[in-house]
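Each chain, letter by letter, is given below.
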Amino acid sequence: MRLRRPLRARSLTAAVLLTVSVAGCGEGSGASPGRPGVGDPFFPEAGNEGYDVAHYVLRLGYDPGPHRLTGTATISARATRDLSALNLDLRGLDVEAVAVDGAPARWSRAGQELTVRPRGALDRGARFRVTVRYSGAPVTVTDPDGSEEGWLRTADGALALGEPVGSAAWFPGNHHPSDKATYSLAVTVPKGLRAVSNGEPAGEETEGDRTTYRWRTGEPMAGYLATLAIGRYETGRTTTAGGLPVHTAVDPEEAEASRAVLARIPEVVAWAERTFGPYPFSSAGAIVERPGDAGYALETQSRPVFPGAPGIVLLVHEIAHQWYGNSVTPRTWRDMWLNEAFATYAEWLWQEEHGGDTAQEVFDALYAGAYFPDAERDEALWSFPPAEPPDAAHVSGLPVYWRGAMVLHRIRRTVGDGAFRALLRGWAEEHRHGTADTGDFTAYVETFAPGRDFDAVWEDWLYGAGRPPRP
């Protein structure tokens, strides 16, 4: 998630045309409206029940001067039960038209919920396509922890970031990490600006004073990991030794400072593949903005975003997220430690193998309260267990990152170094391109090492209150 540490490492005026191609669309006497929200413990309004999205096609236009976004979102999905109506998440923006299977559909708005009522019920198992036309001034969203996401205006364009709920500020959809989909994106901007997103570039064309950029993401992606960066970037393309494309986009003010560290992306990806298994996506890369454009780094899928030139350890952290968080995605926001603990522990492993402190030395310093430069943060490490943040404002809190990484180190000490490396690779492979929760992880560990006792790891380190007894 957003990486905040001492060293550091949104309303849309939406006219959303929702077209739904229905494989089965009867009146269905048992049909009922899908619930608005999937019941996430921290963000109950996020996501929607009753359908599963397979693919998004987003056709957008943005002009930074008047700060106006126009869009058509086409959403291909499958009904998971008989539906008389379904909801999409959309913050602000003015909806101009909604249709289901090409036929105009009734719709209404209430908060972030766009409720769509097709002419006939959608039968369970029916595949359908929803198309939504929208327009307006996209908004910035302030999270419970005070950070900003959604649509962030920059000096020369905009930056869209979505964790945890900001993606609903620029396109309608099922915005919860439990529903992943593939994406096709076409963005038209004033000539001279670039539009950079996730996945692979799929062409560009200029007509008059406008240029359209196309991007495709062929692997499943949670909505919060989608990004769109619009501005005057210096772009680059290289490949890893294995032939993986690496795409970078850097604000010109950060180009010189970023050059050396971005040149190490192939090296970091190769190290991560040896450590975590095959890279899960079809490309890698980075987007580097100016420090004032975003207050944090974010692991947006295949192309993490950095607020200024990153250091090597922060680069390692965000690339590790491509396995843990992006490919293996948390089923609820309570499970965020499964993202951040693994990415933080990746830092420890990198430093251990590149002349820095060992993971054990980091663990010991954290336990002794001698790691952070201030006593307040040393104490905050024990403020709540990593698997049980107290509320939405703490899903990216210090224990989620650092105490979560300590849980992984306790597992390593329990199973041994060789088995731990196999466990890291196996967990990433077991849930590749899927979702998982904490129960899945603890069950996986116990099955992986059936002769080991993990009771103290779970009870004291993962779920226990306060500082556990010294191991």
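Our structure is the block above this text.
No experiment lies behind these values; they were computed from the predicted model shown. (Residues numbered from 1 in each chain as written. Predicted model: local features only at pLDDT ≥ 70, side-chain atom pairs only at ≥ 80, totals over all residues. Heavy atoms only, no water.)

J.: Is there a simple way to think about unusual backbone geometry in this case?
T.: Phi is mostly negative for residues that are not glycine, and the peptide bonds are mostly trans. Geometrically, the link from Glu163 to Pro164 is a cis peptide bond, its omega value of 5 degrees lying close to zero. Mapped onto the elements of the fold, Pro164 is located in the loop between strand S12 (158-161) and strand S13 (180-190). The phi dihedral of His67 is positive, around 55 degrees, even though this residue is not glycine. Residue position: His67 is located in the loop between strand S2 (51-63) and strand S3 (68-79). Taking the relative accessible area as the measure of exposure, His67 reaches 11% and is therefore buried. (Helix = DSSP H or I, 4+ residues; strand = E, 2+ residues; numbered from the N terminus. Buried < 20%, exposed > 50% of the residue type's maximum accessible area, 1.4 Å probe, protein only.)

J.: Looking at this structure, how should I read the sheet that holds strand S19 (residues 245-250)?
T.: Two modes of strand pairing occur in sheets, parallel and antiparallel, and in both the strands are linked by backbone hydrogen bonds. If you trace the four strands from one edge of the open sheet to the other, you get S18-S19-S20-S21, paired in mixed fashion. The two strands at the open ends of the sheet, each matched to only one other strand, are strand S18 (234-239) and strand S21 (305-307). With strand direction ignored, the average angle separating the axes of adjacent strands in the sheet is 15 degrees. Taken strand by strand, helix H1 (residues 255-262) contacts S18, S19 and strand S20 (284-289), and its axis lies near 160 degrees from that of S19. (Pairing = 2+ DSSP bridges. Axes fitted to C-alpha atoms, helices over the stretch in contact; angles between N-to-C directions. Contact = heavy atoms within 4.5 Å.)

J.: Teacher, can you tell me more about the nonpolar core here?
T.: One recurring pattern in soluble globular proteins is that nonpolar side chains are buried together. Grouped together as the largest cluster of nonpolar side chains are 140 residues, with contacts concentrated most on Trp170, Leu228, Trp337, Ile411 and Phe441. If sequence neighbours within four positions are ignored, Leu228 has contacts with Leu60, Trp151, Ala158, Leu159, Ala160, Trp170, Leu185, Val187, Ala195 and Val196. (Core = buried A, V, L, I, M, F, W, Y, C linked by side-chain atoms within 4.5 Å.)

J.: Just checking my understanding: could you explain the sheet that holds strand S15 (residues 200-207) for this structure?
T.: Here we have eight strands laid out as an open sheet, ordered S6-S5-S9-S3-S2-S13-S16-S15, and mixed in their pairing. Across the chains shown, the open sheet's two edge strands, defined by having one partner strand only, are strand S6 (103-104) and S15. Relative to strand S16 (residues 210-222), S13 is paired through ten bridges, and the arrangement is antiparallel. Bridge pairing in S16 links Lys180 to Ala222.

J.: Any chance you could explain helix H5 (residues 359-368) here in plain terms?
T.: In an α-helix, one turn spans 3.6 residues, which is why side chains three or four residues apart end up on the same side. Burial in H5 covers these residues: Ala359, Val362, Phe363, Leu366 and Tyr367. For H5, the angular spread of buried residues about the axis comes to 130 degrees, placing them on one side. Residues of H5 that are buried make contact with helix H4 (337-353), helix H7 (398-415) and helix H10 (455-462). Gly369 sits one or two residues past H5 and shows a positive phi near 75 degrees. (Arc of directions from axis to C-beta.)

J.: For this particular structure, what's the right way to read the packing of H7 against H10?
T.: Each pair of packed helices gets described by two things: the angle between the helix axes and the distance between those axes. Where H7 meets H10, the closest approach of the two axes is 10 Å, and the angle between their N-to-C directions is 165 degrees. The orientation of H7 relative to H10 falls into the category roughly antiparallel. Of the two elements, H7 crosses H10, and the hand of that crossing is right-handed. In this structure, H7 uses Arg403, Met406, Val407, Arg410, Ile411 and Thr414 to contact H10, whose residues at the interface are Val457, Trp458, Asp460, Trp461 and Leu462. The class makeup of the residues in the contact of H7 with H10 is seven nonpolar, one polar and three charged. (Parallel < 35°, antiparallel > 145°, perpendicular 65-115°, else oblique. Left-handed = near helix turned anticlockwise from the far one by under 90°. Nonpolar A, V, L, I, M, F, W, Y, C, P; charged D, E, K, R; others polar.)

Honestly, it's all geometry; don't read function into it.
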